[in-house]
Structure formats: C-alpha cells, structure tokens
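So you can see what is in the structure, the chains are spelled out below.
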Amino acid sequence: MPQQLVFATNNPSKIAEIQRQLGKRYTFRSLKDIGCTEAIPETADTLEGNARLKARHVFDNYKSDCFSEDTGLEVYALNHAPGVGTAHYAGPHRSAEDNNMKLLSELGDRKDRLACFRTVICLLQGGQEHFFEGKCEGRIATFPTGQGGFGYDPIFIPTEGDGRSFGQMTQDEKIRFSHRARAMAQLEAYLRTLQDAGHPTV
Ligand code: IMP
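Residues numbered from 1 in each chain as written. Predicted model: local features only at pLDDT ≥ 70, side-chain atom pairs only at ≥ 80, totals over all residues. Heavy atoms only, no water.

Asks: Help me understand helix α2 (residues 47-62) in this model?
Replies: Because an α-helix completes one turn every 3.6 residues, residues spaced three or four positions apart along the sequence face the same direction. Between its first and last C-alpha, α2 extends 22 Å over 16 residues, near the 22 Å set by a 1.5 Å rise per residue. For α2, the set of buried residues is Leu47, Gly49, Asn50, Ala51, Lys54, Ala55, His57, Val58 and Phe59. Against the buried residues of α2 lie β1 (3-6), β3 (66-75) and β5 (114-125). Count one or two residues on from α2 and you reach Lys63, which has phi positive near 50°. (Helix = DSSP H or I, 4+ residues; strand = E, 2+ residues; numbered from the N terminus. Expected span 1.5 Å × (residues − 1). Buried < 20%, exposed > 50% of the residue type's maximum accessible area, 1.4 Å probe, protein only. Contact = heavy atoms within 4.5 Å.)

See below:
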C-alpha cells in the first residue's frame, strides 16, 4: 500500500515526474489536495530558503508534515544566473517560453554554455527540517528542441545524456539524469532508513 506524502507544490509537471519515479511506494498530495489555494511567497534569496518557506507555510497553516522543493538553473557564464530567480527570469508572469528566450538572448553566441540545474528539497517532519539536494550538469542549447518536460527543458542538454535536450526525452529518460530525481532519491533513502528503524514517517 503506497504511503501518502504532502508535496508543497501545484506544479503538475513536478508531481507527474516524481509520481513516475516513486509512484510504486508513495502517492503525493499537492497543495490543492490539502486545500491550500493561496500563493506562498517565495521571497528568500536562496533555493534552500524558498524550499523552507513553502514547507513551513504548509506545516504552520495546515498542521501537516510535508516536503517542498525549489529549483534553480545556474549558468556559469552568467555568474550563476538566473539561480534563485529562475522562475521569473523574464518577469513576474513566469512564462517558460519568455524565460527560455531571455536566457538564449543573454547567452547570445557565447561558446561557454555550461550550466547546472539544482533542486533543494526541504522535508518538515514534526517541525524538524531536513534538506536534500540534487544536481544535473549540462549546457544551454542554442535553440529550443522537443515537446516534452516543462520550463527550461527544451534548452537544457544534460552532460550525461546523448546530446538531446530534456525536452526531447521521455519522462523515464529525464528521471535518469535529473536534479529533482536525484534529490527525491535522497529523500526516499532517508525515509527508508526511518522506516527500517521502525520510526513513523510523513
Ligand atoms: P520552481 O522551483 O517551481 O520555483 O521553479 C523554478 C523555475 O525553474 C521555473 O521556471 C520552472 O519552470 C523551472 N524548472 C524547475 N524544474 C525544472 C526542470 O526540471 N526542468 C526545466 N525547468 C525547470
């Protein structure tokens, strides 16, 4: 019987990815599923800080253990921008297409296009915070490709892959390399050690 975890997000693409990765052992309840419809401010200046804000909001207002995550794309030639500002790089409207176009335009025809996706998960259990991080190194393409994934996937080519962008990969292929899948694998390993030791988990 899968265990239920509250994932403090309303991003259906993130939920679909982790359901695909861990769906045999867990089912995930979104913010909407727990009745949280208000926007949670993401005002911290680090991924860790924003992940904590989202998890704390749920824990404090909905009295539920949960986990949240925040993801940033760090482009080395741009001093690690957009980083914590990844979601609204092209403005507050959070348009994936505009964000991609802005990043391509900032990079122009630079040869150095190396970048890293970083996901930080904050697990809140009985008020205690636990953090997990996953990274995926890659490079920014010169133009978008593929119909899969979301966000910056059409312009991100993981180093460990075969030259295709995340946007060109199936969900299973993306999960093999992705920052989020790696952070989730660590979260799962932690929950497993708790279960094996007979402790209740979220
Ligand atoms: P947030 O963590 O939901 O705030 O997302 C930050 C930004 O990164 C948003 O623009 C997302 O669309 C983008 N993003 C998050 N995860 C991924 C991913 O796995 N692939 C591509 N873009 C992503």
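Asks: I would appreciate a short explanation of the nonpolar core in the present structure.
Replies: A general feature of soluble globular proteins is that nonpolar side chains tend to end up buried together. Of all hydrophobic cores here, the largest spans 17 residues; its most connected members are Leu73, Val75, Leu103, Ile140 and Phe156. Of all the secondary-structure elements, those providing two or more residues to this core are β3, α3 (96-107), β5 and β6 (128-140). Among the elements that line this core, the one with the most residues is α3, at three residues. Those residues within four positions of Val75 in sequence are excluded, and the remaining contacts are His80, Ala81, Pro82, Leu103, Leu107, Leu114, Ala115 and Ile140. Formed by 15 residues, the second largest nonpolar core is a distinct cluster that contains Leu5, Phe7, Phe132 and Leu187. (Core = buried A, V, L, I, M, F, W, Y, C linked by side-chain atoms within 4.5 Å.)

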